[in-house]
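Structural overview for review
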Amino acid sequence: MELLQHENRLIQLRAKLNERGIKLWEVPYLTPERQSHEAEVLKLAVQLGPELGISTELCLEGLTALQRNALEKLQAKDEFQKTGIATVRIRAPTQTGSNREFDLKVKITEQGSHLCELIGHRLSLDARKIKLVCSGKIISALHPLQEQKVTNGSTVMALVLAHSEEEAKRECSTYDRVHKIRTDAEMLINENDSSNFLSLEDQSGNAIYLPKDEKKSLLMALTLYEKGKAAMKTGNFEEALLLLLEADHDFRSCNSQLLDVVDNYALLNLDIVWCYLCLKNLNQLPDAEQRLKVCELKFQQSYGKNMQRVTAIRGEQSNEKILLVRLHLLKAVLFYHQNKRDDARTMFRVVETELLKLRIDDDCLSRLMECGYSMKESRIALRACSNDVEASIEFIHNRRQTRETNEKRSVRERKLYKVIDHDASAGERIKLELVDQLMEMGYPEELAGLALKKSANDINGALNELETNGAGLQKELLRTVSVDRELRQQLETLGFDGEIAKLALKLMANDYDRATNYLLANVQNGRYSEELLCAIADWNRTKAAGKPAAAADTPSSSADGRPSTSKGTAKSSTPEEDDGAQREEKKRKKEMLDILFKSFSQDIRTTDENSHLDLQLDEEGKLLEQYKKLLGMDTDQ
C-alpha cells in the first residue's frame, strides 16, 4: 500500500507539472552546473502540496524523485545518440509482490541473450534461466534487441523469483518447466492428430473442426493457456505469465475467424493483464491497455454488446457477467495509473455495483451443497439465478443435461467421421439429423453418413446413392474402418475365423451385434455365402491396391468356399510378423504417451470448462477497497 501511495503522489505531481508546463530539468529548478536548485524545488513543493492535499515534505520528496528521473533520462538519451548504448529499466518482480528495479546499459544491436547475461550478473542468477518481457512479448535470446523493439528508455520485465536459497532453485527450474511444457505439448498434439487430448468446442459444447495446421496452432495455444491458468491458481504468476505469453504467440499465428467468436483469446488477454497487476508491473501500460481493448472487443463479438447474445442463450443472469467485473476493475486501475482519476472513480463505482449484484448468499450456498452439489457449480448457479435456490437446482440440472447431450453428440459425430473417413475441416459437417432420418428408413448409420458425405447433405441425393451404389459404399467401408481388437477376439471365441471376423466388423463398422448376425447369415457349415465371397474378393482387391508389392494378408477362398491364406515368396519376415512388430511399437509409444499425458494434464484436468466463470471475487474486492482509499472515494459519498 505504501508503494501505491508513493506512486499515487508521483502520478498527481506529474500531471500537475504537465498542466502548468513546469520542466524540472530546466532553470530555475536547475543550476547552471546542472545541479538541483533545492530552494526553488522547495518553493514549488510549498505551492503544490496544499493544492494536491500532500504534505510539503512528501511533495518535495516526489518532486526530487521526478527531477532525478528526468535528468537521468536526458543523460541516457544523450548517451544513446552519441554512442548507441541504450539505458533500459529492469523490473524484476518477486514472490513477495515487490520489485527489484535498476537501470542497465546495453547496445540494442546485441542479442537478447546478452541482456539476460547482464541481468543475471546483477541478480547473481544463471542468465539462461531468465525470461525477459517487453511490450507484452517474450524477448528472444537469439535475435537483436532492436528487432524486438527494445530501445533506449524501454522497460523490461525480468521474470525471476524472490532471491533466497530455496527460491533460487525454483528460479532455475521455471525456464526448464516452461520449455518442457511446450515440448511435451508438441509431442502430444503431433502424436494425437485426431486430438481428443484437447477437443475444440463452441460455447454450447459442440465439436469444432478446423484445418490441420490451424488446429495444431490453436491446440498448442489452448494447452499452454490451460497450464498457465493452473499456475495462476497456485499463485505462481511468473510462470503463468510466461505460459500465457507463449500461448498468445500461438494464438496470433491462427488466421481463423474462429478467434472472433470464441472467448478464449479474450480471456487470455484478460489473464495476462491480471498477471501484470499481481506482479506489480502495470508499468506495462501500453500493452495492458491494448490487451484490455482486445478483450472488450472479443467479449462483444462472443457475447454480444451488453451480453445480448449470451443472455439469449443462457438467460438474463448469465455468469459471463463475472468476467466483466475483472475487465472493468482492470480498466479502472489503468485509468488510475494514467491519472484519469474521474474515469477511474466512475469505473470503480461500476465494479462496486457489479460485485454487489454477484454476491453469493452463504446460507443459499450451504443449502445447495447439502443437496450434494459441488461448491463450484453451486456458486455458478446462485450467481446465475440471483441466489434463488430452487431456480439454481433447475439451472444445474439443465446445464448437466445440455452438456451431456452435446458431449454424446460430439462423441457420436467424431466416431462417425472416423468410420467414414470424413475430414470436417476441409468441407461441410454431416448433419446428424439427416443421418437419423435415413436410419429410420432402415439404413445403417455409417452407410447413411457416407451417402450424405457424397451428396453434401442432400438427403435425396443420399437416398439415390444408397439405392444405386450400396455395394460401392460397402467397399469404401473396407478401406476406412479400423477394426476393434476386443470385438474381433469375441467373435473368434464364437468359432469364427479371425480374418473373417475382421471383415465382418469392417462391414458393420465395429457393431458387434450386426457383425454377429452377418456372420451367422453368411457362414453355414464352414461354407461362405456368395455375398461373403464377394466381400472377401473386394477386400483382397482393396488391400492389393494399397500394398501391391506385399503378399496378401487377408482371407481368400478356395474353390469349395473354404478359407485359405495365400503364402508369399520366401522373406525374412511374414506380413503377420511385420504387423505384430508394428503393433508392439505402437503399443510402446502409446504407453509412453499415456504416461506423459497423465503427468502433463494433471494440472489442467483439475478445472472444467467453466472454471473462468467461478471467480471468488475476493481479490477483486480487496483491490477495489485499496484503490478507493487512494482516490479518497470513501469520503466523497
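Residues numbered from 1 in each chain as written. Predicted model: local features only at pLDDT ≥ 70, side-chain atom pairs only at ≥ 80, totals over all residues. Heavy atoms only, no water.

Regarding the overall build of the protein
For the protein, the helix and strand inventory stands at 25 helices and 9 strands. For the protein, with 637 residues in total, the buried portion stands at 46%. Carbon and sulfur atoms make up 49% of the accessible area of the protein, which totals about 33,400 Å². (Helix = DSSP H or I, 4+ residues; strand = E, 2+ residues; numbered from the N terminus. Buried < 20%, exposed > 50% of the residue type's maximum accessible area, 1.4 Å probe, protein only. Areas by Shrake-Rupley, 256 points an atom, 1.4 Å probe, with all protein chains shown as cover.)

Details of the packing of helix α8 (residues 264-278) against helix α11 (residues 321-337)
As a packed pair, α8 and α11 sit with axes 11 Å apart at the nearest point and diverge in direction by 45°. Classified by the angle between their axes, α8 and α11 sit oblique to one another. When you trace α8 past α11, the crossing you get is left-handed. Here L267, L270, D271, V273, W274 and L277 of α8 lie close against α11, whose contacting residues are L323, R326, L327, L329, L330 and V333. (Axes fitted to C-alpha atoms, helices over the stretch in contact; angles between N-to-C directions. Parallel < 35°, antiparallel > 145°, perpendicular 65-115°, else oblique. Left-handed = near helix turned anticlockwise from the far one by under 90°. Contact = heavy atoms within 4.5 Å.)

Notes on helix α21 (residues 498-507)
Counting buried positions over the 10 residues of α21 gives 8, a clear majority of the element. The complete set of buried residues in α21 reads G498, I500, A501, L503, A504, L505, K506 and L507. Where α21 begins, the capping side chain belongs to D497, and its oxygen is found 3.0 Å from the backbone nitrogen of E499. One or two steps after α21, the chain reaches A509, where phi turns positive at roughly 55°. (Polar contact = N/O pair within 3.5 Å; in protein donor to acceptor, adjacent residues only side chain to side chain.)

A look at helix α16 (residues 432-440)
Taken as a whole, α16 has its buried residues at L432, L434, V435 and L438. Considered in projection along α16, the buried side chains sweep an arc of 155° and stay on one side of the axis. On the buried face of α16, the contacting elements are α15 (389-420), α17 (445-454) and α18 (459-468). After α16 finishes, the residue G442 shows a positive phi value of roughly 105°. (Arc of directions from axis to C-beta.)

A closer look at the pattern of salt bridges
Here the idea is simple: oppositely charged side chains can pair when their charged atoms come close. Counted under the stated rule, the structure contains 31 salt bridges. A salt bridge links D78 to K82; the shortest N-O distance between them is 3.2 Å. Residue D78 and its partner K82 are both found in helix α3 (residues 56-83); the two are separated by 4 residues, about one turn of the helix. Measuring nitrogen to oxygen at the nearest pair gives 2.6 Å for the salt bridge that ties R514 to E446. On the criterion of sequence distance, the pair formed by R514 in helix α22 (residues 512-522) and E446 in helix α17 is long-range, its members being 68 residues apart. Taking relative accessible area as the criterion, R514 reaches 25% and is therefore assigned partly exposed. Salt bridges sharing common partners tie together R89, R91, E101 and D103. (Salt bridge = Lys/Arg side-chain N within 4 Å of Asp/Glu carboxyl O.)

Quick look at the packing of aromatic side chains
Enumeration according to the criterion identifies 3 aromatic pairs in this entry. Ring centres 5.3 Å apart and planes at 55° place the aromatic pair F251 and Y265 in the tilted group. Placement of the pair is F251 in helix α7 (residues 237-252) and Y265 in helix α8, with a sequence separation of 14 residues. Summarising the burial analysis for this pair, F251 and Y265 share the class buried. Where Y336 meets Y627, the ring centres are 5.1 Å apart and the plane angle is 80°; that geometry is what we call edge-to-face. Taken together, the positions of Y336 in helix α11 and Y627 in helix α25 (residues 618-630) put the pair 291 residues apart, joining distant regions of the chain. Note on accessibility: Y336 and Y627 belong to one class, buried. A network of ring pairs unites the aromatic residues Y336, F348 and Y627 as a single cluster. Positioned over the ring face of Y225 is K229, at 4.8 Å from the centre of the ring. One Lys or Arg, R326, reaches over the ring of W274 and ends 3.8 Å from the middle of that ring. (Phe/Tyr/Trp six-rings, centres within 6.5 Å; stacked < 30°, edge-to-face > 60°. Lys NZ or Arg CZ within 6 Å of the ring centre and 35° of its normal.)

Some thoughts on unusual backbone geometry
Across residues other than glycine, the phi torsion is negative in most instances, and most of the peptide bonds are trans. Here the amide bond leading from V27 into P28 is cis, since omega sits at 10°, within 30 degrees of zero. Secondary-structure assignment places P28 in the loop between α1 (2-20) and α2 (38-52). A positive phi angle is found at N387, which is not glycine, with a value near 65°.

Focus on the side chain of N152
Summarising the element assignment, N152 is placed in the loop between β4 (137-138) and β5 (155-159). A distance of 2.9 Å separates a polar side-chain atom of N152 from the backbone nitrogen of T87. Once residues lying within four places of it in the same chain are set aside, the contact partners of N152 are A76, K77, F80, A86 and T87.

With respect to the side chain of R291
Tracing the sequence through the fold places R291 in helix α9 (residues 285-303). For R291, a relative accessible area of 2% translates into the label buried. Within the structure, the side chain of R291 is placed 2.9 Å from the backbone oxygen of G136, a separation counted as a polar contact. When near neighbours in sequence (up to four residues on either side) are disregarded, R291 contacts G136, L245, D248, R252, N269, I272, V273 and Y276.

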